[in-house]
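Overview (structure and organization)
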Amino acid sequence: MLSRDEGVSEVLFTEEQILVRSKEIAKEIENDYKNIENKLCVIGLLKGSYVFMADLLRLINLDVQVDFMKVSSYGNGKNSTEVRILKDVDFQISGHDVLIVEDIIDTGYTLEKICDHLLTRNPKSLKICTLLNKPSRREVDIKIDYNCFDIEDLFVVGYGIDYAEKYRNLPYVGVVK
Ligand code: PRP
């Protein structure tokens, strides 16, 4: 039988470590948004964010509205500035507090595009939450409001993150050989 772990050389963050950090971030978010007038609009970026987002939302005791966006990017590094929106948000975000949830921030091009796009709709506020952040890879300036872990420039998989669509269902973040 094929193992879902095959090719993983090291566990970077265990499920327990991720949960501990997610709880801390969830409390911060709860505290920061406790006095908002409307529902908090939480937008996950497909596909990678789905596992972290499911954890995070169940730890946040706030009234939320949930949706997903999907983008495609072309090329790598400097060439991946081409980001196209394949699925947009279905609800109105004008005047609402919006929180984007990501699995990993690398060059920052994806979030730059998403933020520019969402800001044209005049949300009351727009913040970013990510499971992983790779500061050494950044090519555009992105303000991250909630960050679980900074990591080195490693090829990571699991907890929603894939390599050629494999490994998304690993219950930890690992490094591939
Ligand atoms: C990954 C990740 C971010 C983006 C970050 O998505 O989920 O959305 O790359 O890269 P950037 O900061 O360099 O723009 P990916 O394109 O792998 O799609 P997926 O989430 O569907 O796996």
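Details of the structure are given in the entry above.
A brief report on the enclosed structure follows. The written sequence of each chain sets the order in which its residues are numbered from 1. Side-chain atom pairs in this predicted model are given and counted only at pLDDT of 80 or more, local residue features only at pLDDT of at least 70, and totals for whole chains, interfaces and linings cover all residues. For side-chain calculations, the full set of non-hydrogen atoms in the structure is used, while hydrogens and water are omitted.

Before going further, it helps to examine the overall build of the chain. In terms of helices and strands, the chain carries three helices and nine strands. Radius of gyration: C-alpha atoms only; globule rule: 2.2 Å multiplied by the number of residues to the exponent 0.38. Relative to the globule expectation of 16 Å for 177 residues, the C-alpha radius of gyration of the chain, 16 Å, shows essentially globular dimensions. Expressed as lengths along the three principal axes of its C-alpha atoms, the size of the chain is roughly 50 × 35 × 30 Å. When burial is assessed residue by residue, the chain has 46% of its 177 residues classed as buried. In what follows, a contact means two residues having at least one pair of non-hydrogen atoms within 4.5 Å. At a minimum sequence separation of 6, the contacts of the chain that also span at least 24 residues come to 67%. Between the centroid of the 23 positive side chains of the chain and the centroid of its 30 negative side chains there is a distance of 2 Å. Comment: elements are numbered from the N terminus, with helices defined as DSSP H or I runs of at least four residues and strands as E runs of at least two. Residue exposure (1.4 Å probe, protein chains only): buried if accessible area is under 20% of the type maximum, exposed if over 50%, otherwise partly exposed. Under this rule, positive means Lys or Arg and negative means Asp or Glu; His and the chain ends count for nothing. Charge placement uses NZ in Lys and CZ in Arg. For Asp and Glu, CG and CD serve respectively.

Attention shifts here to the packing of aromatic side chains. Here a pair means two rings of Phe, Tyr or Trp (six-membered ring of Trp) with centres within 6.5 Å. Their orientation is stacked below 30 degrees between planes, edge-to-face above 60, and tilted elsewhere. Taken as a whole and assessed by the stated rule, the structure comprises two aromatic pairs. Aromatic pair F13 and F149: ring centres 3.8 Å apart, planes at 15°, arrangement stacked. Placement of F13 in strand β1 (residues 8-13) and of F149 in strand β7 (residues 146-150) is noted, with a sequence separation of 136 residues between them. Judged by its relative accessible area of 12%, F13 is buried. Here the aromatic rings of F155 and Y163 are separated by 5.1 Å at their centres, their planes lie at 80°, and the arrangement is edge-to-face. On the basis of relative accessible area, F155 is assigned to the partly exposed category, the value being 43%. Positioned above the aromatic ring of Y33, the side-chain terminus of K127 is 5.4 Å from the ring centre. For the cation-ring pair, K166 lies above Y167, with the distance from its terminal atom to the ring centre recorded as 4.8 Å. Two limits define a charge over a ring: the Lys NZ or Arg CZ must be within 6 Å of the ring centre, and within 35 degrees of the ring normal.

What follows is about the site of the ligand. By convention in these notes, a residue is near a molecule or strand provided one of its non-hydrogen atoms lies within 4 Å of it. The local shell around the ligand holds 15 residues, among which E102, D103, T107, G108 and T110 are the closest. Here a polar contact is recorded for every N or O atom pair within 3.5 Å, except that within protein the pair must consist of a potential hydrogen donor and a potential acceptor, and residues adjacent in sequence are included only if both atoms are side-chain atoms. Contacts to the ligand include D103, whose side-chain N or O atom sits 2.5 Å from an oxygen atom. The separation between an oxygen atom of the ligand and a polar main-chain atom of G108 is 2.7 Å. Note on areas: Shrake-Rupley with a 1.4 Å probe; residue coverage comes only from the protein chains shown. Look at the ligand: alone it shows 500 Å² of surface, and the protein chains cover 77% of it. Secondary structure elements with two or more residues in the shell around the ligand: β5 (97-105) and α3 (109-119).

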